[in-house]
Amino acid sequence: MSNEKKLEKNDALTKKLYSLYKEYYHRLSGLRKSSTEKVFKRVGLITPASLRITNYVREHPSAAFNPGAILRGRELFVYPRIVFDYYWYVSSIGVFSLDIQASLEGLLPEEIPTRIVIYPSRKEDMRGCEDPRVQELDSKTYILYTAVEPSPGGVEARQAIAVLEDSKAVKLGNFRLEYMGELFNTFWKDSALIEARNKDSVLLLRPSIPLGNSGYLEIGWRSVASLKELTVSADTMEPVLLYEPFEIKVGWSTNSVRISSNEYLVGWHGVGNDYIYRNGLALLDSDGRLLAISDYLIAPEPTLEEFYGDRPGVTFGCGLIHYKDLLIWVGGLSDYAIGIWVADFDKVMDKLKTVSTSV
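All of these numbers come straight from a predicted model, not from anything done at the bench.

(A) Highlighting the overall build of the chain. The helix and strand inventory of the chain stands at four helices and 27 strands. In terms of overall size, the chain behaves like a compact globule, its C-alpha atoms giving a radius of gyration of 19 Å where 359 residues would be expected to give roughly 21 Å. Across its three principal axes, the chain shows a C-alpha extent of roughly 55 × 45 × 40 Å. Counting all 359 residues of the chain, 55% fall into the buried class. The contacts in the chain between residues at least 6 apart in sequence include a share of 56% that link residues at least 24 apart. Surface exposure of the chain reaches about 15500 Å², of which carbon and sulfur atoms provide 48%.

What follows is the structure, encoded as structure tokens:
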């Protein structure tokens, strides 16, 4: 197929997705307010100075933030995004473990042994491996992350996936959008798996859709994906999470947490017109359709340790855990450190507003 024909299909794909956004706008906008209901309490702060890298010649990173997380028994496994250098701002992904009960009591080790498990190793991620979401599905542990590739115009972000095998992460590759028989490498990040099925899995995604001189459309979608082919059929995509007038973009922030046979909690972030990153929760069914949504539940406090960092004013995913009667959010602080927040599960659920079944 000629480049001209592929460009025509790419333009058709952009028009299709933007048309879907306009179609769903009246049903999905106006669901949230700009207020923050602070039901979560931060119980821990992990700085990069406390991490000791065990499998690299440099022991202490400059920044460690935006971590994925999973719980196995009493062990909380945290997968931070790690940065050593700032010229290219190249990230890798590490892992360390903590005792869950001690962590909730604020009893964190002064030194935390940490191992790098995903790092740049190919052209497609030479500029870094970022913002992991860790998900255990179908007896496998998946890590969704952003692979950043250098390009003549700067960088290109792709949604990548790896699987943990014997404590080692094996890169499976990057997802692509499929439309009209063509595969497209799309600027794409902030995804979460809802269900991993034998043939087709339910994937939440946030591609950046170019709008010419108007910038990008950055909203949350649901889709059907092939974990074997690493493709998403654009014909299965539907908008789920829209930004409101007080925001410039939104995206998915965490792994999904199954709380009933057909209900999943997923964290999301909204970037306000003030450029501050705040977080809320969405309740979805097994197909990724929206059942309920909260206003903001976590936002950076205007304090030195929370608000100030390499990117001031950010709280950001990426790990969500349901533990006993608690909901635990493990996330990044201002692109330099890791926070652990905790809330009563029932109090959190009370903050979610039911969405009409017509959505």
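Now, onward.
(B) Geometry of the sheet that holds strand β3 (residues 63-72). Overall, mixed pairing links the five strands, which are arranged β2-β6-β5-β4-β3 in an open sheet. Of all strands in the sheet, those with a lone pairing partner are β2 (51-53) and β3, marking the two edges. The mean inter-strand angle of the sheet, taken between neighbouring strand axes irrespective of direction, is 35°. As defined by bridge partners, β3 adjoins strand β4 (residues 75-83) across eight bridges and the pair is classed as antiparallel. Bridging from a neighbouring strand, A64 pairs with I82 of β4.

(C) Structural detail: the pairing of strand β14 (residues 201-207). Among the seven residues that make up β14, seven are buried, leaving the element largely enclosed by the rest of the structure. Side chains S201, L203, L205 and P207 of β14 all project onto a buried face; the interleaved residues V202, L204 and R206 project onto the opposite face, where all are buried too. When strand β13 (residues 188-195) meets β14, the two strands line up antiparallel, connected through five bridges. Along β14, the bridge assignment pairs A192 with L204.

(D) The nonpolar core, seen in detail. With 48 residues, the main nonpolar core has F175, V232, W252 and L284 as its most contacted residues. In terms of residues, this core owes the most to one element, helix α1 (residues 3-28), which gives six residues.

(E) Representation of the layout of surface pockets. When its volume is computed, the largest pocket comes out at roughly 440 Å³. Grouping the constituent residues of the lining of the largest pocket by class yields ten nonpolar, three polar and eleven charged.

(F) Just the sheet that holds strand β9 (residues 154-165), in detail. One open sheet holds the four strands; their spatial order is β7-β8-β9-β10, and the pairing between them is antiparallel. If you trace the sheet from one side to the other, it starts and ends with β7 (128-137) and β10 (168-174), each paired once. Sheet twist, expressed as the mean angle between neighbouring strand axes with direction ignored, is 30°. Where β7 meets strand β8 (residues 140-151), eight bridges bridge the pair, whose relative direction is antiparallel.

(G) Summary view of unusual backbone geometry. Geometrically, the link from G317 to C318 is a cis peptide bond, its omega value of -5° lying close to zero. When you line up the elements, C318 lands in strand β24 (residues 315-323). The backbone of S334 sits at a positive phi, close to 50°, despite the residue not being glycine. Tracing the backbone shows S334 in the loop between β25 (326-333) and β26 (337-344). Judged by its relative accessible area of 0%, S334 falls in the buried class.

(H) Structural view of the pattern of salt bridges. Summed over the entire model, instances satisfying the criterion amount to 26 salt bridges. The partner of R58 in a salt bridge is D85, and the shortest N-O contact between them spans 2.9 Å. Here R58 is found in the loop between β2 and β3, whereas its partner D85 is found in the loop between β4 and β5 (91-99), with 27 residues between them in sequence. Where salt bridges share partners, they join R133, D190, R206, E218 and K249 into one cluster.

(I) Region of the structure containing empty space enclosed by the protein. Taken as a whole and assessed by the stated rule, the structure comprises two cavities of 30 Å³ or more. Of the voids in this model, the second largest cavity is the one considered here, and its volume is about 40 Å³. L28, L31, R32, V240, L241, L242, E244, L290 and I293 are the residues that line the second largest cavity. Contributing elements (two or more residues each) for the lining of the second largest cavity: β19 (238-241) and β23 (290-293). Of the residues assigned to the lining of the second largest cavity, the class counts are seven nonpolar, no polar and two charged.

(J) Up close: the environment of L352. By the secondary structure assignment, L352 is in the loop between α4 (345-350) and β27 (353-354). Excluding its chain neighbours within four sequence positions, the residues that come into contact with L352 are L265, L281, A282, L283, A292, I293 and S294.

(K) Here's a closer look at the side chain of R278. As for its position among the elements, R278 is in strand β22 (residues 277-284). Using a relative accessible area of 16% as the deciding quantity, one classes R278 as buried. Side-chain polar atoms of R278 contact the side chain of D274, separated by 2.8 Å. The contact partners of R278, leaving out residues within four places of it in the chain, are T36, W268, H269, G270, G272, Y296, I298, A299 and T315.

(L) Main features of the environment of S233. Looking at the secondary structure, you find S233 in strand β18 (residues 231-233). By relative accessible area, which is 23% here, S233 ends up partly exposed. Between the C-alpha atoms of S233 and N279, which are 46 residues apart in sequence, the distance is 28 Å. Setting aside residues no more than four positions away along its own chain, S233 makes contact with E178 and V224.

Analysis parameters
- Residues numbered from 1 in each chain as written.
- Predicted model: local features only at pLDDT ≥ 70, side-chain atom pairs only at ≥ 80, totals over all residues.
- Heavy atoms only, no water.
- Helix = DSSP H or I, 4+ residues; strand = E, 2+ residues; numbered from the N terminus.
- Rg over C-alpha atoms; globule rule 2.2 N^0.38 Å.
- Buried < 20%, exposed > 50% of the residue type's maximum accessible area, 1.4 Å probe, protein only.
- Contact = heavy atoms within 4.5 Å.
- Areas by Shrake-Rupley, 256 points an atom, 1.4 Å probe, with all protein chains shown as cover.
- Pairing = 2+ DSSP bridges.
- Axes fitted to C-alpha atoms, helices over the stretch in contact; angles between N-to-C directions.
- Core = buried A, V, L, I, M, F, W, Y, C linked by side-chain atoms within 4.5 Å.
- 1 Å grid on protein atoms, 1.4 Å probe; cavity = no way out; pocket = protein on both sides within 12 Å on 5 of 7 lines; lining within 4 Å.
- Points joined across faces, edges and corners; volume = space filled by probe spheres on them.
- Nonpolar A, V, L, I, M, F, W, Y, C, P; charged D, E, K, R; others polar.
- Salt bridge = Lys/Arg side-chain N within 4 Å of Asp/Glu carboxyl O.
- Polar contact = N/O pair within 3.5 Å; in protein donor to acceptor, adjacent residues only side chain to side chain.

The analysis is restricted to geometry; functional conclusions fall outside its scope.
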